[in-house]
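Understanding the architecture of this molecule
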There are 2 protein chains.
Amino acid sequence: MGRLEQTCRERGVKLTQPRRAVLEVLETSRDHPSVGEIHRRVRQRHRIALATTYRVLNRLTEAGVLTRHLFVDKAHYELAGRRHHHLIDRSTGRIVEIDDPALTALLEQALNRLGYRLVDYHLELTGEVERSG
Amino acid sequence: MGRLEQTCRERGVKLTQPRRAVLEVLETSRDHPSVGEIHRRVRQRHRIALATTYRVLNRLTEAGVLTRHLFVDKAHYELAGRRHHHLIDRSTGRIVEIDDPALTALLEQALNRLGYRLVDYHLELTGEVERSG
DNA sequence: GTATATGCAAAAGCTTTGCGGGTTC
DNA sequence: GAACCCGCAAAGCTTTTGCATATAC
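Values in this document were obtained by computation on a predicted structure and should not be read as measured data.

Further remarks concern the protein's contact with DNA strand D. The immediate surroundings of DNA strand D are formed by 24 residues, with Thr16, Arg47, Thr52 and Arg55 of chain A together with Tyr54 of chain B found nearest. Near the protein, meaning within 4 Å, the atoms of DNA strand D are sugar or phosphate in a fraction of 72%, with bases accounting for the rest. Within the side chain of Arg47 of chain A, an N or O atom sits 2.7 Å from a phosphate oxygen of DNA strand D. Those elements giving two or more residues to the surface near DNA strand D turn out to be α2 (17-27) and α4 (50-62) of chain A together with α4 (50-62) of chain B.

Structure (structure tokens):
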């Protein structure tokens, strides 16, 4: 049994066909798909209703298995526990991941100074490619 | 004429009654109101359609006068040019501003290393109050 | 006077929900 | 077997759009 499915069990999330299918899609995705896109991908191999996709994503997010991000206009999901930043390239609209533990540490410190404990964060940077000539 | 209105003129944004009213609300707001909330506040003193509120906010954002943030589930606005971070207190749902120029500088550096120039950013931190006793 | 903005109402997207039937543990 | 989940369809929100009228410059 995969690590994710074990986490679900531990948190009282029943492992149904649709849930396994959604998890599988997110495990094999290297991008940050929207609900519609996740639904489309799952449907390539399984039968699933759009409403179910929404419910599964909500349930898994609530259980801490997934993380929800609100990018340009709708929700996008990824597996939880990934602490990184998202750079939105303004020219192409692409979402790039930036992995910088030092930045995370700094954020954590800033919050601690304010008396908070960092639970999650979502950094959305907008950048333009520097002209180098 | 206020600084904001001058900026609008310079950028070819006609100064209509509804636009002045929306700007006035955002100038006097210390929070980050949603579209519905902005509409509600403007309507306390002026006649304005919801569709107009949306169009005004889109136009002013496009002109760089306002900044749009996608928080929990919908768009929120504030005057542009404010570089700070937003901390969402998970227990209360309140949005708190964190002003930390050092953090901004670090973000800028990280982007430069990647060949990008920082245009804008939106940092959404989720935190819980630390138990201090 | 012309280009652009507004109001209203209708429509378009994304997301949630009620209900009967089905599945997991 | 009980609790929970799924599919379908309908409804709820936020946001956009078409069109006739009104306004800014």
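The discussion continues.
The subject of this paragraph is the packing of helix α1 (residues 3-10) of chain A against α2 of chain A. All names here are of chain A. One can describe the packing of α1 onto α2 by two numbers: an axis separation of 11 Å at closest approach and a directional angle of 135°. Between α1 and α2, the angle is such that the two are oblique. Between α1 and α2 lies a crossing of right-handed hand. Of α2, the residues touching α1 (which contributes Leu4, Glu5, Cys8 and Arg9) are Arg20, Leu23 and Glu27. Across the contact of α1 with α2, the residue classes tally to three nonpolar, no polar and four charged.

A few words now on α1 of chain A. For an α-helix, 3.6 residues make a turn, and residues three or four places apart therefore share a direction. Residues and elements named next belong to chain A. Of the positions making up α1, those classed as buried are Leu4, Thr7 and Cys8. End-on, the buried residues of α1 take up no more than an arc of 100°, which puts them together on one face. Exposed and facing more than 90 degrees away from the buried side of α1 are Arg3, Arg9 and Glu10. Of the residues trailing α1, Gly12 is marked for its positive phi of about 75°.

Okay, the side chain of His39 of chain B next. Residue and element names in this part refer to chain B. Locating His39 in the fold gives a position in helix α3 (residues 35-43). The exposure class of His39 is buried, given its relative accessible area of 9%. When sequence neighbours within four positions are dropped, the list of residues in contact with His39 reads Ile48, Ala49, Leu50 and Thr53.

A word on the protein's contact with DNA strand C. Neighbouring residues of DNA strand C: 23 residues in total, closest Tyr54 and Asn58 of chain A together with Thr16, Arg47 and Thr52 of chain B. Restricting the count to atoms of DNA strand C within 4 Å of the protein gives a sugar and phosphate share of 70%. Between Arg55 of chain A and DNA strand C, the recorded distance is 3.2 Å, taken from a side-chain N or O atom to a base oxygen. Contributing elements (two or more residues each) for the surface near DNA strand C: α4 of chain A together with α2 (17-27) and α4 of chain B.

The rules behind these values
Residues numbered from 1 in each chain as written. Chains lettered and ligands numbered in written order. Predicted model: local features only at pLDDT ≥ 70, side-chain atom pairs only at ≥ 80, totals over all residues. Heavy atoms only, no water. Near = heavy atom within 4 Å. Polar contact = N/O pair within 3.5 Å; in protein donor to acceptor, adjacent residues only side chain to side chain. Helix = DSSP H or I, 4+ residues; strand = E, 2+ residues; numbered from the N terminus. Axes fitted to C-alpha atoms, helices over the stretch in contact; angles between N-to-C directions. Parallel < 35°, antiparallel > 145°, perpendicular 65-115°, else oblique. Left-handed = near helix turned anticlockwise from the far one by under 90°. Contact = heavy atoms within 4.5 Å. Nonpolar A, V, L, I, M, F, W, Y, C, P; charged D, E, K, R; others polar. Buried < 20%, exposed > 50% of the residue type's maximum accessible area, 1.4 Å probe, protein only. Arc of directions from axis to C-beta.

From the geometry alone we can't say anything about function, so treat these as descriptive.
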